[in-house]
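# Report on the structure
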Amino acid sequence: MRAKLAAVIAGLGVVIVSAPVLAHHSFAVEYDPKKPVEGTGVISKVEWTNPHMRVYVDVTEPNGTVTTWNLELGAVNSVLRRGWKPADLKPGAKISFKGYGGRKILQRAAADALTLADGRSFTGASGAPDAPAK
Amino acid sequence: MKKLALISLAVIGFTLSLVAQEQERARNADERLPAKLTGEFTPTASEEIAKGPVPRMPDGKPDLHGPWVGGGSNSDIEMMGGLKAGELPLLPWAKKLRDSRREEDEPYLYCTPMGVPRVNPYPWNFIQSVTSKGPGTIYIVHENGDAGRIRHIYMDGRKHPDDLLPSWWGHSIGRWEKDTLVIDTVGYNDKFWMDSRGTPHTEQMHTIERWTRTTFGTMTNDFTLDDPGALSRPVQLKFSAKVMPPGSELMEFICTENNQYGVAADIPNIYRDKGFGLEVKPEELK
């Protein structure tokens, strides 16, 4: 009796957890809202391309090794319509980023906020939710 | 035992109501979120501009020039078309197939065309051509359709050919009914999904779009969806498009340029070997 009831309640949990998936966009199939990432480094390459714009950032770890992050933004057309210009993102410039890591490859991340050395900040271009899912 | 059954029923009922609330909440949140938080971004005209009058062509017909955003399905054709959950009369095989499809496998993510009536957050436009003989073919151009795909709407009274090779956009003929542009399309292939849920269709699909610009900024699409292969009866859906701010233009969008979809999550391209199209023949799933 108690086991059966427990099974029913366990089923309840599964259903509730799976329900919001119906409303997710394709962001969630590639990137993990539960893996927020951030870093500061130097822009090594900018691809003003479709279907997604990409900014590559070299981050030097405390031990001296360099990790290249491949940050995905929205479509280049969306980014341009937000008012960004190629001059705003130059290779060699210092940049900080926040985003969500790839489900399999953390360093392939959806960028949700990019902040330049002069303080200008671009946010919300990745398709990421504005806060990690509960 | 009876007590257990009652408790189970109560728990199941409670669960279903929670699920319904969650879905409703998620849908509302989706609509409420500003564009900047849902990734892609296409601005639309202010309310002041949008409520202006419908512009007219020299021949008096409505000028359908946008560019437009929306006006079709994207995440869920049933919900976005104005139906309640479960109201789309899918045949059992089609429902089974939809429920088995995963969003991560939608063909559109591999740069294939969206098909009809699908649109996404990117803009599109009507181009009403004028020739030496007067109004000519009307074109629908999609910024990301894919890519920059053009639909031809023949307005010269021709019929659909009998021997159409199924295609992503089908064969479209149009006519004006007062101020409404009516587009009748057949000849679709079965390779695109009607939404990212995976709602399927067959090559028997027949669509009728009724586009009416109701103000400067709004255009409705009364959409008849008929597919004896996938639906038990024709169904009537309704979508609405919004105009972009004056001066907006479509931009170039070449999807295959740098599509790295799937790498970050190691999602396999299930179409590489078998190609696009229905995963099973409808009769096998009956």
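Conventions adopted
- Residues numbered from 1 in each chain as written.
- Chains lettered and ligands numbered in written order.
- Predicted model: local features only at pLDDT ≥ 70, side-chain atom pairs only at ≥ 80, totals over all residues.
- Heavy atoms only, no water.
- Helix = DSSP H or I, 4+ residues; strand = E, 2+ residues; numbered from the N terminus.
- Buried < 20%, exposed > 50% of the residue type's maximum accessible area, 1.4 Å probe, protein only.
- Contact = heavy atoms within 4.5 Å.
- Polar contact = N/O pair within 3.5 Å; in protein donor to acceptor, adjacent residues only side chain to side chain.
- Phe/Tyr/Trp six-rings, centres within 6.5 Å; stacked < 30°, edge-to-face > 60°.
- Lys NZ or Arg CZ within 6 Å of the ring centre and 35° of its normal.

### Describing the environment of Val79 of chain A
Residues and elements named next belong to chain A. Its place among the elements puts Val79 in helix α3 (residues 76–81). Looking at Val79, the relative accessible area reads 0%, which means it is buried. Separated by 40 residues in sequence, Val79 and Gly119 place their C-alpha atoms 18 Å apart. Those residues within four positions of Val79 in sequence are excluded, and the remaining contacts are Trp48, Met53, Leu73, Gly74 and Trp84.

### Side note on the environment of Glu209 of chain B
Residue and element names in this part refer to chain B. With respect to the element layout, Glu209 can be found in strand β7 (residues 206–213). Looking at Glu209, the relative accessible area reads 2%, which means it is buried. Once residues within four sequence positions are removed from consideration, Glu209 is found in contact with Val116, Arg151, Leu181, Val182, Ile183, Thr185, Asn221, Asp222 and Phe223. At 3.2 Å, the side chain of Glu209 and the side chain of Trp211 are in polar contact.

### Some remarks on the packing of aromatic side chains
Residues and elements named next belong to chain B. Tallying each qualifying case throughout the model produces 12 aromatic pairs over all chains. The ring of Tyr154 carries the charged tip of Arg158 above its face, separated from the ring centre by 3.8 Å. Against the face of Phe216 rests Arg213, its NZ or CZ located 4.8 Å from the ring centre.

### A short note on the side chain of Ser73 of chain B
All names here are of chain B. Position of Ser73 among the secondary structure elements: in the loop between β1 (68–70) and α3 (77–80). For Ser73, a relative accessible area of 0% translates into the label buried. Only 2.7 Å separates the side chain of Ser73 from the backbone oxygen of Met194, close enough to count as a polar contact. Ser73 has contacts with Met80, Pro117, Arg118, Val119, Met194 and Phe239, leaving out every residue within four places of it along the chain.

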